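Residue-level structural notes
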Amino acid sequence: MRFVVAVDGTSGSDRVLEHAASLAAAAAADLVLVHAVNPSVYEVMDGPIRDGSNAEERLLLESTEDAEERGEQLLERAAERMEGVDTETELLYGSPASAIAEYAEEIGADGVFVGHRDLSEEQERVLGSVAKRLVDNSPAPVTVVR
């Protein structure tokens, strides 16, 4: 079995990692940790997000290169936490929900794990919900972790 786990550096992402790791260990499954970089949303602003501490409040980064670097760091830190589970990482490009769903289909994933960000109704209208779009579009079953 092979599961795709969406990682974004938020507290919801931490919960997803814990849940997916425990299920993968029990099922002798492999995990592919993914993070999506969407170049179309990045603009120059007053400093990049250097860690995930305030990622939930900020949508824009300084540049696509900064987003790629941050994504690689998030994936590396997440993979280090996956003791005893065969884990790969993959940096994806595009709208997160679409990129993750397409990747899950490409590798024949048996399931997708994603966190719920607890956005307000207004924030969700503006930013959208990656989890909801994944549930609607993923070829594999999706587990949303709160």
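See the structure above.
For the structure given in this document, a descriptive report is provided here. Because the structure is predicted, anything quoted here is derived from the model rather than measured.

**Notes on the pairing of strand β4 (residues 111-115)**
With respect to burial, β4 is a largely interior element, five of its five residues being buried. Of the two faces of β4, the one carrying Gly111, Phe113 and Gly115 and the one carrying Val112 and Val114 are both buried. Across three bridges, strand β1 (residues 2-6) lies against β4 in parallel orientation. Bridging across to β4, Val5 finds its partner in Phe113. When β4 meets strand β5 (residues 142-145), the two strands line up parallel, connected through four bridges. Residue pairing across strands places Gly115 opposite Val145, the latter belonging to β5.

**Section: helix α2 (residues 64-80)**
When the terminal C-alpha atoms of α2 are compared, their 24 Å separation across 17 residues agrees well with the 24 Å that a helix rising 1.5 Å per residue should span. Taken as a whole, α2 has its buried residues at Thr64, Asp66, Ala67, Arg70, Gly71, Leu74, Leu75 and Ala78. Viewed end-on, α2 has its buried residues packed into an arc of 165°, placing them on one side of the element. Exposed residues on α2 whose side chains face more than 90 degrees from its buried face are Glu65, Glu76 and Glu80.

**Remarks on the sheet that holds strand β3 (residues 87-93)**
Across the sheet, five strands lie side by side as β3-β2-β1-β4-β5; this open sheet has parallel pairing. For this open sheet the edge positions go to β3 and β5, each flanked by a neighbour on one side alone. Taken over all neighbouring pairs, the strand axes of this sheet differ in orientation by 25° on average, direction set aside. Helix-sheet contacts for α2 involve β2 (30-37) and β3, and the interaxial angle to β2 is about 160°.

**Concerning the packing of aromatic side chains**
For the structure shown, the criterion picks out one aromatic pair. When the ring of Phe3 is compared with that of Phe113, the centres are 5.3 Å apart and the planes differ by 85°; the resulting orientation is edge-to-face. Taken as a pair, Phe3 in strand β1 and Phe113 in strand β4 lie far apart in primary sequence, 110 residues in all. You'll find Phe3 and Phe113 in the same group, each marked buried.

**Let's talk about the environment of Ala109**
Counting through the fold element by element, Ala109 comes out in the loop between α3 (96-107) and β4. When its relative accessible area of 12% is taken as the criterion, Ala109 is described as buried. Note: C-alpha distance between Ala109 and Phe3 (106 residues apart in sequence) is 5.5 Å. The contacts of Ala109, once residues within four sequence positions are left out, are Arg2, Val4, Ala104 and Ala140.

**What about unusual backbone geometry?**
In the Ramachandran plot, Ala28 falls in the positive-phi region, its phi being about 55° despite a non-glycine side chain. Topologically, Ala28 is positioned in the loop between α1 (11-27) and β2. You can call Ala28 exposed: its relative accessible area is 65%.

About the criteria used
- Residues numbered from 1 in each chain as written.
- Predicted model: local features only at pLDDT ≥ 70, side-chain atom pairs only at ≥ 80, totals over all residues.
- Heavy atoms only, no water.
- Buried < 20%, exposed > 50% of the residue type's maximum accessible area, 1.4 Å probe, protein only.
- Helix = DSSP H or I, 4+ residues; strand = E, 2+ residues; numbered from the N terminus.
- Pairing = 2+ DSSP bridges.
- Expected span 1.5 Å × (residues − 1).
- Arc of directions from axis to C-beta.
- Axes fitted to C-alpha atoms, helices over the stretch in contact; angles between N-to-C directions.
- Contact = heavy atoms within 4.5 Å.
- Phe/Tyr/Trp six-rings, centres within 6.5 Å; stacked < 30°, edge-to-face > 60°.

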